[in-house]
Amino acid sequence: MGLLVQGKWQDKWYNTGSDGDFKREAAQLRNWITADGSAGPSGQAGFQAESGRYHLYVSLACPWAHRTLIFRKLKGLESHIGVSVVSTDMLDQGWSFDSQTGSTGDSLYGLHHLHELYTRNQSNYSGRVTVPVLWDKTRETIVNNESSEIIRMFNSAFNHITGNHDDYYPESHRTAIDAVNDDVYSNINNGVYRCGFATSQTAYEQAYTNLFAALARMEHRLGQHRYLTGDQITEADWRLFTTLIRFDSVYYGHFKCNQAQIESYPNLSHYLRELYQWSGVSDTIDFDQIKRHYYFSHTTINPTQIVPLGPRLDYQRPHNRETLLQA
Ligand SMILES: N[C@@H](CCC(=O)N[C@@H](CS)C(=O)NCC(=O)O)C(=O)O
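What counts, and where the lines are drawn
- Residues numbered from 1 in each chain as written.
- Predicted model: local features only at pLDDT ≥ 70, side-chain atom pairs only at ≥ 80, totals over all residues.
- pLDDT = per-residue confidence, 0-100.
- Core = buried A, V, L, I, M, F, W, Y, C linked by C-beta atoms within 7 Å.
- Buried ≥ 20, exposed ≤ 12 C-beta atoms within 10 Å, placed from the backbone.
- Helix = DSSP H or I, 4+ residues; strand = E, 2+ residues; numbered from the N terminus.
- Domains from an automatic or database assignment.
- Contact = placed C-beta atoms within 7 Å.
- Pairing = 2+ DSSP bridges.

Under an unreviewed UniProt entry, the name given to the protein is Glutathione transferase, and the organism recorded is Oleiphilus messinensis.

So this is what it looks like as structure tokens:
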């Protein structure tokens, strides 16, 4: 685990500062693919949606990268956007393309490490080397490394190519989606990391309290509606999903988020199963890679690198979410 400083790799764990609170670094590369190549909300113009032009680098363990894989699937983009999967293990050289540990290899350039892609994009890059990365094969540059923006591009920029007009960020729901996203991002998606990566008791307890308060709010919402913002599934649901699906296997134990398992929440657990069973979604999930990544890579938290065998969970069990709607 490390970062690039002026294009040079340095092996370094996160710096939590004097309060012991984990602060996630903001993604730096923020261009947008658009249908006609005009500029998006940030970055440069010139990234027009085209079949076969873009490539996605992901980890199957990472909840942020997982969002982009789900959107690639839901929006029918699999034949238009290629994927390379990094290794489960993120050790002293960061993400690698070691096929012995679950990587597909880098199908574009045969790179050994993801940091080489970042320096190929910008030779003096400084910052963390994160997944997901959306790469432009034509301009040989990184389009964007922020998952929340990549899913928005996938949601709409390629509609004229795929003919898939399903909308996970509909105009009419945007205010509600944005509000839920803010709560879920700070307290749940990033909240589990703030529990796990805290280096002071106070920072951990604050993150833990915020996390379980936010989960209680989501549990309540899901007692009112089938999905977080009503009767239509939106990006807010998929953004929550990628944390929920890792929770009982990893965050509960490894990140000490152990007030309750998702299995014990009546609404959240059934909702989680509904989303897991959504057409194509379980293909984007690999529990062995998820568990191995966290328990084996975070040697500061788990120095023995022992990966637990449990828990045994069956997400294929029926869920009652249709009946809730009729009630
Ligand atoms: N803001 C980014 C965060 C991505 C992120 O932090 N990914 C993690 C994997 S779960 C990573 O690559 N971490 C490597 C590091 O921080 O050095 C996004 O949502 O795309």
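Right, picking up where we left off after that structure.
**Student:** Any chance you could explain the confidence of the model for the protein here in plain terms?
**Tutor:** For any part of a model where pLDDT is low, the fine detail of the predicted coordinates should not be relied upon. Overall, the prediction assigns the protein a mean pLDDT of 97, with 99% of residues at 70 or greater. The ipTM for the predicted assembly is 0.99, set against a pTM of 0.97.

**Student:** How should the nonpolar core be read in this particular structure?
**Tutor:** One recurring pattern in soluble globular proteins: nonpolar side chains tend to sit buried together. Membership of the largest hydrophobic core comes to 81 residues, with the highest contact counts inside it found for Tyr57, Val58, Val131 and Cys195. For this core, the element with the highest residue contribution is helix H8 (residues 235-251), accounting for 9 residues. A domain split of this core shows at least three residues from each of domain 1 (2-162) and domain 2 (171-282 + 312-326). Residues in contact with cysteine 195, not counting those within four places in the same chain, are Tyr204, Ala207, Tyr208, Leu211, Phe255, Lys256 and Cys257.

**Student:** What's the story with the sheet that holds strand S7 (residues 127-128) in this structure? I'm lost.
**Tutor:** Working definition: the strands of a sheet are paired by backbone hydrogen bonds and lie parallel or antiparallel to each other. One open sheet accounts for 3 strands, arranged S2-S1-S7; its pairing is antiparallel. Only two strands of the sheet have a single partner each, and these edge strands are strand S2 (8-11) and S7.

**Student:** Is there a simple way to explain the environment of aspartate 178 in this structure?
**Tutor:** Along the chain, the position of aspartate 178 falls in helix H5 (residues 174-189). It is 23 Å that separates the C-alpha atoms of aspartate 178 and serine 269, two residues lying 91 residues apart in sequence.

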